[in-house]
Amino acid sequence: PPRRPPPSTPPPPLDAEYPKGRKPPPGLPPGRKPRQPKGEPKKKEQLAIKSGEEDAFPELAALEHIPAPDGAPPLEVPPPPDEPPPPIEEDGEIGAPRGAPPKVGADSMPKPPEEMTEEERQIAEKLKRGRLSIKCIQAANVRRKDQTTTAAKIDAYLCIQLGDFKKAPRLKTGIRKRSGQNPQFNGEVLSFDMVDPGSFVRDNDIKLKIELWDNNAWNDDILGEVTVSAVRFLSALQPQEEWLPLTYPGDESSNSKVQVEFRFEEAKVGMAVFTLYEGKSLGTSEMKLGGQMLSPYVSISMGDNYHKRSQTQVNGGQDPYFAEEQILMWVDEENWTKPATMTVWHEDVGDHDVIGKHELSLLPYMVIDPDDAKQELIPMQVMKETTHEGMKALETGEIMMKCEFLVAGSLKIHVKSGRNLRETESIGRLDPYIVFKADGYAVKVNKRTSVDKDGGSNPDWDQILGMELVDQYQLQIECYDHDVLASTDELVGRANISLLPVFKKGHVDTWVTLKHKNQFNVLKDAGEIHVVFDFTGDHGIAYPQHQPSVDSYDDTHRIDFEKVKKAEEKRMEEAKAGVVSVGDTAAVSQDVVLAQDVLNHTDKPKVQYDCGFDDEEIRAAFDFIDLDNNDYVGAAEIRHVLICMGELVTDEEVDMMISMVDTDGDGQVGYSEFYMMVTDEDPSRPDFGKSDDTQANRPEDAAKSFERQREMAARDVKRRMLTQFVSENQIGPTEVGFAWEKYTHQPPERVEGGVIDFELFCELLQVEPTGEYHKLFGLFDGDGSGDVDIKEFILGLCNFVDMDNDKKCRFIFELFDDDHSGFLAMSELEEILMANHMQSRKACQRKAQTIMRAADIDGSGAISLAEFIVCSAKFPNILFPNQRE
């Protein structure tokens with residue numbers, strides 16, 4: 001357009017009444033103008049040419065006086081176009097032209113519909129979050145609508161839309177230049193991450209539209225489309241490959257088709273356990289270390305704000321050993337969409353240098369059982385700029401690791417009400433709320449209720465909270481009084497409860513007593529909270545996971561209370577409608593009530609089971625088996641009776657029989673245990689002989705259970721590593737005897753106190769000082785002093801080598817008979833049992849008393865070698881238990 005000439009009239013002076021040359025509307029001060037209301041079109045008066053512009057462009061004023069032709073409609077403001085102009089994006093680029101497919105991208109998430117029908121809600125509840133991947137393979141018989149020749153130049157690409165609503169996410173493949181009638185898409189994969197799959201449901205379905213486009217310089221042309229239901233792919237266990245017909249909009253005669261493969265990977269909440277073993281050939285020749293060795297460590301990140309790292313292996317070099325260190329990462333409902341980025345760093349004095357990176361998706365690991373997880377080599381790469389090839393990925397070594405995914409279970413907490421809460425307000429009523437905390441290795445879960453305004457000492461919340469748990473088994477409950485004026489809310493009381501009964505039974509309805517410390521630091525009651533716990537988990541998975549020292553429970557005896565409740569309601573409705581007989585309904589109702597009574601820890605007396613024998617007959621049967629008349633039945637006696645009955649049993653089977661009935665852990669069956677087994681209705685159940693959970697939940701019992709579980713976990717690790725140690729080094733009786741003889745010839749200052757260090761340990765057994773053997777050595781170092789008892793370790797080896805029973809007894813007797821008196825005292829017998837059973841002295845005292853009582857015939861308080869050999873035959877599972885796997 002021509003440059004605007006300067007105005008012919010000079011501007012008004014600054015001291016004029018209106019300096020800007022126009023009078024403001026009434027009600028506004030000078031210098032302001034009224035704002036145009038949003039959403040309203042400009043008025044015709046505003047579209048008129050201003051008087052200042054008429055003087056500058058007189059030809060524009062002349063245009064207004066040109067008469068309209070005859071019959072023409074009056075001149076009006078032109079209406080807005082049917083479609084808005086292409087928008088200008090935030091980065092300054094103009095949007096796609098009209099007719100082109102909408103903007104694509106997987107980041108845009110749909111908004112759930114404001115109102116869902118009951119059918120849509122049911123479909124949404126059954127859908128699982130995860131990733132839907134479409135593998136684009138090829139298309140066939142592709143033609144334009146107006147195509148006349150067979151040889152057409154088509155720049156084809158696929159555009160896929162998930163959902164039938166505005167702003168539905170769309171993805172497209174790369175453009176295949178001059179692909180012709182049968183374009184090949186080379187297996188390009190387009191993936192949709194469905195964080196909330198229910199938000200895609202419209203009209204009782206999730207529609208998936210596949211469009212084939214031809215890329216042009218101006219407008220892209222659509223060549224065909226097809227719409228299918230995506231719901232059937234969201235439950236398929238295996239990939240599904242299909243040929244889908246393509247139709248042109250408005251023309252059903254097309255014979256074009258497209259071949260795609262659908263794959264759905266379910267996303268689960270849980271904990272990813274990365275076990276690091278070693279690195280191989282880390283680093284590149286271009287790294288400048290100044291003559292120093294690499295000091296690598298591994299970091300794992302998911303997204304921009306979630307990072308964890310391992311310990312630095314100082315001077316670990318290019319082949320470091322990470323000592324099976326574990327990095328635990330929490331995977332929630334959203335961050336599974338981000339890949340887990342594993343980065344190997346070199347820790348330097350200044351900035352840390354990147355050795356290599358690798359990204360991996362966690363979805364494939366979510367379907368692998370943790371017991372089936374295997375070690376794998378992860379290649380590390382780093383991007384380097386080269387002179388001729390630009391940016392290029394360089395291999396920088398490998399990391400040996402294992403990834404296990406532990407699926408979380410769902411805990412639903414129904415906070416109902418409270419009673420007799422401690423008053424913290426001198427004026428007014430309490431405004432209480434509850435906070436639940438469950439701490440794990442990877443994440444700390446915190447949930448809280450809303451504030452019950454003026455709820456007072458007897459509030460009513462009636463609120464349901466949810467938690468996802470993997471390794472958490474303790475729940476901390478805190479009650480606070482919300483104070484608007486104070487900076488912090490005042491604690492009313494707290495309580496710590498165990499979730500093990502919830503994991504076992506699935507449903508617990510209880511009142512939790514809160515405690516608080518008064519001014520004298522004495523615990524006092526602070527009221528009670530009525531809470532209902534419901535827990536559900538995947539089939540066959542025992543919770544808590546990743547806690548070897550704590551009891552875990554699978555779904556064997558777990559009751560899904562919600563399913564039971566719904567089933568009962570359904571049966572009651574059928575009974576009212578006459579579908580089910582009244583007798584059946586009463587029986588079903590009675591079963592539900594009985595199950596509920598068990599879950600609620602009722603103290604109602606159980607019906608006595610009639611075993612068919614009276615007490616005298618049971619006692620006579622026990623005396624018949626008790627061959628030595630010591631009021632206990634051991635393994636030798638059970639084996640003798642079974643052989644006389646014609647049953648051929650192994651030592652392992654006899655030990656299993658005893659362990660199933662032995663409730664006090666002394667390795668034999670007493671009369672009370674025998675009587676309990678005979679009179680019980682089902683002695684094969686897992687909780688046979690165990691006390692009620694309400695009693696087991698007492699603090700002192702919980703501490704005992706925790707200590708016992710920790711010992712069992714340590715014993716299992718010792719057993720596994722000793723088996724591997726003996727197998728790898730081919731250790732037999734000769735090697736064990738040689739190690740002990742070599743120890744006895746060491747200088748006194750080196751073997752002072754009967755303990756050895758790791759260096760002498762490797763020297764006696766003639767093994768290399770590897771990290772695996774150092775870990776085995778540390779398992780016997782109970783106090784962390786760096787030394788282990790040589791006798792304890794030698795005796796532990798004896799349990800894993802093939803040795804004659806008589807020779808083993810003589811060797812062990814001489815090993816522990818320090819004063820060469822020819823007798824073993826009670827303390828020495830306890831040390832033998834501690835080494836054989838891999839337990840503490842307290843756990844072995846009962847067993848030692850049993851052996852001493854049976855073997856010490858003269859009552860001297862000690863046993864001889866002959867008596868020791870007799871005991872090994874009479875009590876084989878007590879003196880020399882089978883520790884081999």
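This section reports on the structure supplied with the text.

The rules behind each value
- Residues numbered from 1 in each chain as written.
- Predicted model: local features only at pLDDT ≥ 70, side-chain atom pairs only at ≥ 80, totals over all residues.
- Heavy atoms only, no water.
- Helix = DSSP H or I, 4+ residues; strand = E, 2+ residues; numbered from the N terminus.
- Pairing = 2+ DSSP bridges.
- 1 Å grid on protein atoms, 1.4 Å probe; cavity = no way out; pocket = protein on both sides within 12 Å on 5 of 7 lines; lining within 4 Å.
- Points joined across faces, edges and corners; volume = space filled by probe spheres on them.
- Nonpolar A, V, L, I, M, F, W, Y, C, P; charged D, E, K, R; others polar.
- Patch = residues over 30% accessible without salt bridge, like charges linked within 9 Å, V, L, I, M, F, W, Y side chains within 5 Å.
- Areas by Shrake-Rupley, 256 points an atom, 1.4 Å probe, with all protein chains shown as cover.
- Salt bridge = Lys/Arg side-chain N within 4 Å of Asp/Glu carboxyl O.
- Lys, Arg positive; Asp, Glu negative; His and termini not counted.
- Charge placed at Lys NZ, Arg CZ, Asp CG, Glu CD.
- Buried < 20%, exposed > 50% of the residue type's maximum accessible area, 1.4 Å probe, protein only.
- Phe/Tyr/Trp six-rings, centres within 6.5 Å; stacked < 30°, edge-to-face > 60°.
- Lys NZ or Arg CZ within 6 Å of the ring centre and 35° of its normal.

## Quick look at the environment of Gln849
- Tracing the chain through its elements places Gln849 in helix H20 (residues 841–855).
- For the pair formed by Gln849 and Leu829, sequence separation is 20 residues and the distance between their alpha carbons is 9.2 Å.

## Remarks on the pairing of strand E23 (residues 507–517)
- Note: E23 against strand E24 (residues 523–536), ten bridges, orientation antiparallel. By the bridge assignment for E24, Lys517 is matched with Leu523.
- The antiparallel hairpin formed by E23 and E24 contains five residues in its connecting segment, where Asn521 sits at a positive phi of about 65°.

## Observations regarding the layout of surface pockets
- Its boundaries defined by the atoms lining it, the second largest pocket holds a volume of some 1,100 Å³.
- The wall of the second largest pocket is formed by 38 residues, among which Glu125, Ser410, Glu468, Thr536 and Asp538 lie closest to the centre.
- Split by residue class, the lining of the second largest pocket holds 13 nonpolar, seven polar and 18 charged.

## Observations regarding a negative patch on the surface
- Taken together, Asp614, Asp615, Glu616 and Glu617 make up a surface patch of like negative charges.
- Position of Asp614 among the secondary structure elements: in the loop between helix H7 (582–599) and helix H8 (615–625).

## Some thoughts on the pairing of strand E2 (residues 156–162)
- Of all seven residues making up E2, seven are buried, and the element is well covered by its neighbours.
- Burial along E2 is two-sided: the residues Ala156, Leu158, Ile160 and Leu162 and Tyr157, Cys159 and Gln161 are all buried.
- Looking at chain direction, E2 and strand E3 (residues 170–172) are connected through three bridges and run antiparallel. What sits directly across from Gln161, in E3, is Arg170.

## Digging into the packing of aromatic side chains
- The final tally for this structure, using the stated rule, is 18 aromatic pairs.
- Between Phe758 and Phe761 the ring centres are 5.9 Å apart and the planes differ by 20°, which places this aromatic pair in the stacked class. Of this pair, Phe758 and Phe761 both sit in helix H15 (residues 758–765), three residues apart, which is roughly one turn of the helix.
- The exposure class of Phe761 is buried, given its relative accessible area of 1%.
- Through pairs of rings, three or more aromatic residues link up here, namely Phe725, Phe758, Phe761, Tyr773, Phe777, Phe780 and Phe793.
- Positioned above the aromatic ring of Tyr297, the side-chain terminus of Arg309 is 3.7 Å from the ring centre.

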